[in-house]
Amino acid sequence: MAMLMRLPSHPPFFSTSRSASEVLGSIMSILQSSHKSWQSLSRGRRVILFQGHVKSFKTSCQISIPGASSGTEERAPTNFLRDKKLVPDSDPPTTSDVNLLYQFFEQSNKLMVLTGAGISTECGIPDYRSPNGAYSSGFKPITHQEFLRSSRARRRYWARSYAGWRRFTAAQPSAAHVALASLEKASRINFMITQNVDRLHHRAGSNPLELHGTVYTVVCLDCGFSFCRNLFQDQVKELNPKWAAAIESLDYGNPGSDKSFGMKQRPDGDIEIDEKFWEEDFHIPTCQKCDGVLKPDVIFFGDNVPKDRADKAMEAAKGCDAFLVLGSSMMTMSAFRLVRAAHEAGAATAIVNVGVTRADDLVPLKINARLGEILPRVLDMGSLSIPALL
């Protein structure tokens, strides 16, 4: 495995110049934002060394992975992630893998992180391109052009999306999401971008640039008015009360489970349902401002990332000293061009992903591992663990 490009060294994850209250405030603020997603299985032990300022902060705790059973006497099975069909097979990260990734964080001063669908498959949200992804079953996502020109395609999309919304939003941030948010709070990540539209980073305490938008916002294609997705769900229900009641009476099971009555969850939150459920009697809300066509505020296949957003991402890529790709195959040009630009600007580059990526020949460090299995171990090496919830 190629070694990392050496970057100027700097103090470890927590600088000795930070006060104890700052450290604790940073850590606990992130936990408060996601405490509903995590349950402690045992009380952690905190060790804080003082000599005027904090030298280290380390916590030993056991945590449950969202979606797994939990309780005060239960332990989350160590092979839980490996049992999920949505997550590609991968050997556990080696000690060498963890060390190399830790060094990558440690040697960077201006780190940029890009995350992809691989971080959310561990939460029960499928991806497109992995061996178990949506493409493997022959699924073809809706394109921007199809959505614009066909009212039938819009009915199909919104009916499926409404049906899948409750299950999609039930997914919880993973250990990897929380680890990244912790690293942000510790000032170890300078800029984060995500290709994902699921807002799981936000729920874990991060605020990344959403390269491909989010399904949590609906936008009018005619006047540009945008509003909350939950309000749109209410409008759909009001227009289709019997249909909505029938959909909501179904028990889909937890994200990633097989208990879905044959309805397959898709990466953008929609569920595959038969056309007889939406072909004729399903009605779509229109814009309350201009009666225009409504669309989720996401970049469909065949569409382009808005210029201001693309420019902001490119500026960050060219200005970073290290670029880390997490859970993305980078098959879309909007993502690949960023790591390529960082590489050409002289930044150190690395990838952690299960399977091949478009940039494998470009980066000097590639680690094949699941993010939920390696990122918490990187934090633990740096005298920083996810604190136990009391």
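Here, the structure is the one placed above.
What comes next concerns the included structure.

Parameters and conventions
- Residues numbered from 1 in each chain as written.
- Predicted model: local features only at pLDDT ≥ 70, side-chain atom pairs only at ≥ 80, totals over all residues.
- Heavy atoms only, no water.
- Buried < 20%, exposed > 50% of the residue type's maximum accessible area, 1.4 Å probe, protein only.
- Helix = DSSP H or I, 4+ residues; strand = E, 2+ residues; numbered from the N terminus.
- Pairing = 2+ DSSP bridges.
- Core = buried A, V, L, I, M, F, W, Y, C linked by side-chain atoms within 4.5 Å.
- Contact = heavy atoms within 4.5 Å.
- Axes fitted to C-alpha atoms, helices over the stretch in contact; angles between N-to-C directions.
- Phe/Tyr/Trp six-rings, centres within 6.5 Å; stacked < 30°, edge-to-face > 60°.
- Salt bridge = Lys/Arg side-chain N within 4 Å of Asp/Glu carboxyl O.

**Quick word on helix α6 (residues 175-185)**
Most of α6 sits out of view: nine of its 11 residues are buried. Within α6, burial applies to A175, A176, H177, V178, A179, L180, A181, S182 and L183.

**Focus: unusual backbone geometry**
For S187, which is not glycine, the phi dihedral falls at a positive 60°. Mapping S187 onto the fold places it in the loop between α6 and β4 (191-194). Positive phi values are uncommon outside glycine, yet M330 reaches one of about 55°. Along the chain, M330 turns up in the loop between β9 (322-326) and α11 (333-344).

**Section: the sheet that holds β4**
Strand order in the open sheet made by the six strands is β5-β4-β3-β9-β10-β11, with parallel pairing throughout. Single-partner strands in this sheet number two, and they are β5 (209-210) and β11 (365-367). In this sheet, strand β10 (residues 348-352) lies alongside β9 in parallel orientation, the contact comprising five bridges. Note that in β10 the partner of A322 across the bridge is A348.

**Brief notes about the nonpolar core**
Among the nonpolar cores identified, the biggest contains 30 residues, and W158, V215, F232, W243 and L294 are the most heavily contacted of them. Taken together, the elements giving at least two residues each to this core come down to α5 (151-169), β6 (213-220), α8 (229-239), α9 (241-248) and β8 (294-298). In terms of residue count, the dominant contributor to this core is α5 (eight residues). In contact with W158, other than residues within four places in its own chain, are F147, V218, R229, F232, F282, I284, L294, K295 and P296. Membership of the second largest hydrophobic core comes to 29 residues, among which are L183, A322, A369 and L375.

**Some details on the sheet that holds β8**
Judged by pairing direction, the sheet is antiparallel, and its three strands sit side by side in the order β7-β6-β8 without closing on themselves. Looking along the sheet, the strands with just one partner apiece sit at the ends: β7 (226-228) and β8. The sheet shows a mean angle of 40° between the axes of neighbouring strands, taken without regard to direction. Pairing of β6 with β7 involves three bridges; the strand directions are antiparallel. Looking at the pairing, T217 lines up with C228 of β7. The sheet contacts of α5 involve β6 and β8, and relative to β6 the element is tilted by about 140°.

**Observations concerning the packing of aromatic side chains**
In this structure the tally under the stated criterion is 10 aromatic pairs. Centre to centre, the rings of F147 and Y157 are 6.0 Å apart; their planes meet at 85°, and the pair counts as edge-to-face. Of this pair, F147 sits in helix α4 (residues 144-149) while Y157 sits in helix α5, placing them 10 residues apart in sequence. Each member of the pair, F147 as well as Y157, is classed as buried. Pairing F147 with F300 gives two aromatic rings, centres 5.4 Å apart and planes at 50°, and the pair type is tilted. Linking F147 in helix α4 with F300 in the loop between β8 and α10 (307-319), this pair joins segments that are 153 residues apart in sequence.

**Let's talk about the pattern of salt bridges**
Using the criterion set out here, one finds four salt bridges in the structure. A salt bridge links R199 to E210, with the shortest nitrogen-to-oxygen separation between them at 2.6 Å. Of the two residues, R199 is situated in the loop between β4 and α7 (200-204) and E210 in strand β5; the sequence distance between them amounts to 11 residues. A relative accessible area of 25% means that R199 is categorised as partly exposed. One salt bridge in this structure joins K366 and D360, with 3.3 Å as the shortest N-O distance. Residue class for D360 comes out partly exposed when judged on its relative accessible area of 24%.

Keep in mind these numbers describe shape, not what the thing actually does.
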